[in-house]
Number of protein chains: 2
Amino acid sequence: MSKAKREQTGRFAYEGLDRVIHEKARLGVLTSLVGHPKGLVFGDLKELCGLTDGNLSRHLQVLEDAGLIAIEKGYDHNRPQTMCRITANGRQRYLDYLKVLEQVVRDAASATKAGPARDGLPNAASAGLRRLKTA
Amino acid sequence: MSKAKREQTGRFAYEGLDRVIHEKARLGVLTSLVGHPKGLVFGDLKELCGLTDGNLSRHLQVLEDAGLIAIEKGYDHNRPQTMCRITANGRQRYLDYLKVLEQVVRDAASATKAGPARDGLPNAASAGLRRLKTA
């Protein structure tokens, strides 16, 4: 590996992509909640995120266990209501995550300028590559 | 739910966040490969993504099974070499994924302007919420 490449070690590791936040459904939940600092009731969150009751409950539990959200159960006109809101810690971790996500998008935008994949490997002959399988 | 909110149904579902690509390690692998259309050898990819042999192998298999990358085994100066490159289909799916990821970042940037979470729920009193638990 060249010196330039060694300096790139871990360049695309994206350690900051916190798996608790990065999971697709939870990313939607947190993005909804960060835009509603007063909180959202369970039903509205479910609609916004296109999740089933069971799925949303499961992901909310993960987020609450991680301290990213607070869940408050109460009543609205005598009907049970579950209110979810992002915690101050959750907001900070979301912002930290977002910085890394923005870096991914910048890297991706820069990388895709490198041009489309070619049918063959231009350096295959010189590297003596033997084609065994392709997708 | 208000009409405005009904129109927001699935607004944060992010269906286009293809789970094969979204997984953190695979996102790093694909971002590396999309920037190297001629392909990368296993060792370089491992360094760039900060992955172990086993982890990288496992993720490469998932990506190959999904048709996103092609793996070619050959030799370089009589040493076995595994070359990985993104396929045309993989590149297109990555670009489609990237569009959704950019939307997430835009949503997040817009949402975080809503201001930090507050300690209490400003509408808790009027909604008659009873505080049961917090994270």
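Conventions adopted
- Residues numbered from 1 in each chain as written.
- Chains lettered and ligands numbered in written order.
- Predicted model: local features only at pLDDT ≥ 70, side-chain atom pairs only at ≥ 80, totals over all residues.
- Heavy atoms only, no water.
- Helix = DSSP H or I, 4+ residues; strand = E, 2+ residues; numbered from the N terminus.
- Buried < 20%, exposed > 50% of the residue type's maximum accessible area, 1.4 Å probe, protein only.
- Contact = heavy atoms within 4.5 Å.
- Areas by Shrake-Rupley, 256 points an atom, 1.4 Å probe, with all protein chains shown as cover.
- Pairing = 2+ DSSP bridges.
- Axes fitted to C-alpha atoms, helices over the stretch in contact; angles between N-to-C directions.
- Core = buried A, V, L, I, M, F, W, Y, C linked by side-chain atoms within 4.5 Å.
- Phe/Tyr/Trp six-rings, centres within 6.5 Å; stacked < 30°, edge-to-face > 60°.
- Lys NZ or Arg CZ within 6 Å of the ring centre and 35° of its normal.
- Arc of directions from axis to C-beta.
- Parallel < 35°, antiparallel > 145°, perpendicular 65-115°, else oblique.
- Nonpolar A, V, L, I, M, F, W, Y, C, P; charged D, E, K, R; others polar.
- Polar contact = N/O pair within 3.5 Å; in protein donor to acceptor, adjacent residues only side chain to side chain.

Chemist: Would you mind going over the overall build of chain A with me for this structure?
Modeler: In terms of helices and strands, chain A carries seven helices and three strands. Counting from the amino terminus, chain A carries its helices and strands in the arrangement α-α-α-β-α-α-β-β-α-α. The burial tally for chain A puts 47% of its 135 residues in the buried class. Nonlocal contacts in chain A, meaning residues at least 24 apart in sequence, comprise 53% of its contacts between residues at least 6 apart. Counting only carbon and sulfur atoms, one obtains 49% of the accessible surface of chain A, whose full area is about 6,600 Å².

Chemist: Honestly, the sheet that holds strand S3 (residues 79–86) of chain B in this entry has me stumped. Any pointers?
Modeler: Two orientations exist for strands paired in a sheet by backbone hydrogen bonds: parallel and antiparallel. Residue and element names in this part refer to chain B. Read across the open sheet, the three strands follow the order S1-S3-S2; overall the sheet is antiparallel. Because the sheet does not close on itself, it has two edges, and the strands there are strand S1 (40–41) and strand S2 (69–76). Of the strand pairs in this sheet, S1 and S3 are connected by two bridges, and their pairing is antiparallel. Its bridge partner being in S3, Val-41 is matched across the sheet by Met-83. Against the sheet, helix H5 (residues 53–65) makes contact with S2 and S3, and its axis sits at roughly 125° relative to S2, the strand it touches most.

Chemist: When you look at the sheet that holds strand S1 (residues 40–41) of chain A in this model, what are you seeing that I'm missing?
Modeler: Pairing in this open sheet of three strands is antiparallel, and the strands run S1-S3-S2 (chain A) from one edge to the other. Each edge of the sheet is formed by a strand with only one pairing partner; in this case those strands are S1 and strand S2 (69–76) of chain A.

Chemist: Explanation requested: the nonpolar core in the structure shown.
Modeler: One broad trend across soluble globular proteins is that nonpolar side chains are buried collectively. Of all hydrophobic cores here, the largest spans 66 residues; its most connected members are A:Val29, A:Leu45, A:Leu60, B:Val29, B:Leu45 and B:Leu60. Discounting chain neighbours no more than four positions away, the residues touching B:Leu60 are B:Val29, B:Phe42, B:Leu45, B:Ile69, B:Ile71 and B:Cys84.

Chemist: Which parts of the structure should I look at to understand the packing of aromatic side chains?
Modeler: For any pair of aromatic rings, the description rests on two quantities: the centre-to-centre distance and the angle between the ring planes. Residues and elements named next belong to chain A. All told, the structure shown has two aromatic pairs over all chains when counted by the stated rule. Between the aromatic rings of Phe-12 and Tyr-14, the centroid separation amounts to 6.2 Å while the plane-to-plane angle is 75°, which identifies the pairing as edge-to-face. Since its relative accessible area comes to 11%, Phe-12 is described here as buried. Sitting over the ring of Phe-12, Arg-11 keeps its end group 5.1 Å from the ring centre.

Chemist: For this particular structure, what's the right way to read helix H4 (residues 42–49) of chain B?
Modeler: Residues spaced three or four apart along an α-helix point in a common direction, a consequence of the helix completing one turn every 3.6 residues. Residue and element names in this part refer to chain B. Listed in full, the buried residues belonging to H4 are Phe-42, Asp-44, Leu-45, Leu-48 and Cys-49. The buried residues of H4 occupy an angular sector of 165° when the element is viewed end-on, so they sit on one face. Once H4 ends, the next one or two residues include Gly-50, with phi positive near 60°.

Chemist: Where do I start with the pairing of S3(B) in this structure?
Modeler: On a regular strand, one side chain projects to one face of the sheet and the next to the other, so that they alternate. Residues and elements named next belong to chain B. Inspection of the sheet shows S2 paired to S3 by eight bridges, in the antiparallel sense. Its bridge partner being in S3, Tyr-75 is matched across the sheet by Pro-80. Joining the antiparallel neighbours S2 and S3 is a turn of two residues, in which His-77 adopts a positive phi near 50°.

Chemist: Would you mind showing me how to read the packing of helix H3 (residues 24–34) of chain A against helix H5 (residues 53–65) of chain A here?
Modeler: Two quantities define a packed helix pair, namely the angle between the helix axes and the distance between the axes. Residues and elements named next belong to chain A. Close contact between H3 and H5 brings their axes to 10 Å; oriented N to C, the two are set at 75°. What the angle tells us is that H3 and H5 run roughly perpendicular. In contact with Ala-25, Arg-26, Val-29 and Leu-30 of H3, H5 contributes Leu-56, His-59, Leu-60, Val-62 and Leu-63. Considering only residue class, the contact of H3 with H5 consists of seven nonpolar, one polar and one charged.

Chemist: Sorry, what's going on with the packing of H3(A) against helix H6 (residues 88–112) of chain B here?
Modeler: Put simply, H3(A) and H6(B) touch, their axes get as near as 8 Å, and they point 30° apart. Our classification of the angle between H3(A) and H6(B) gives roughly parallel. The residues of H6(B) that touch H3(A), namely those facing A:Leu27, A:Thr31 and A:Val34, are B:Val104, B:Asp107, B:Ala108, B:Ala111 and B:Thr112. For the contact of H3(A) with H6(B), the class distribution of residues is five nonpolar, two polar and one charged.

Chemist: What should I look at first to understand the side chain of B:Glu72 in this one?
Modeler: Within the secondary structure, B:Glu72 is located in strand S2. In this structure the side chain of B:Glu72 is engaged in a polar contact, spanning 3.4 Å, whose partner is the side chain of B:Arg85.

Chemist: Would you mind going over the side chain of A:His59 with me for this structure?
Modeler: Residues and elements named next belong to chain A. Tracing the backbone through its elements, the reader meets His-59 in helix H5. Judged by relative accessible area, His-59 falls into the buried class, the value being 4%. The contacts of His-59, once residues within four sequence positions are left out, are Glu-23, Ala-25 and Arg-26.

Honestly, it's all geometry; don't read function into it.
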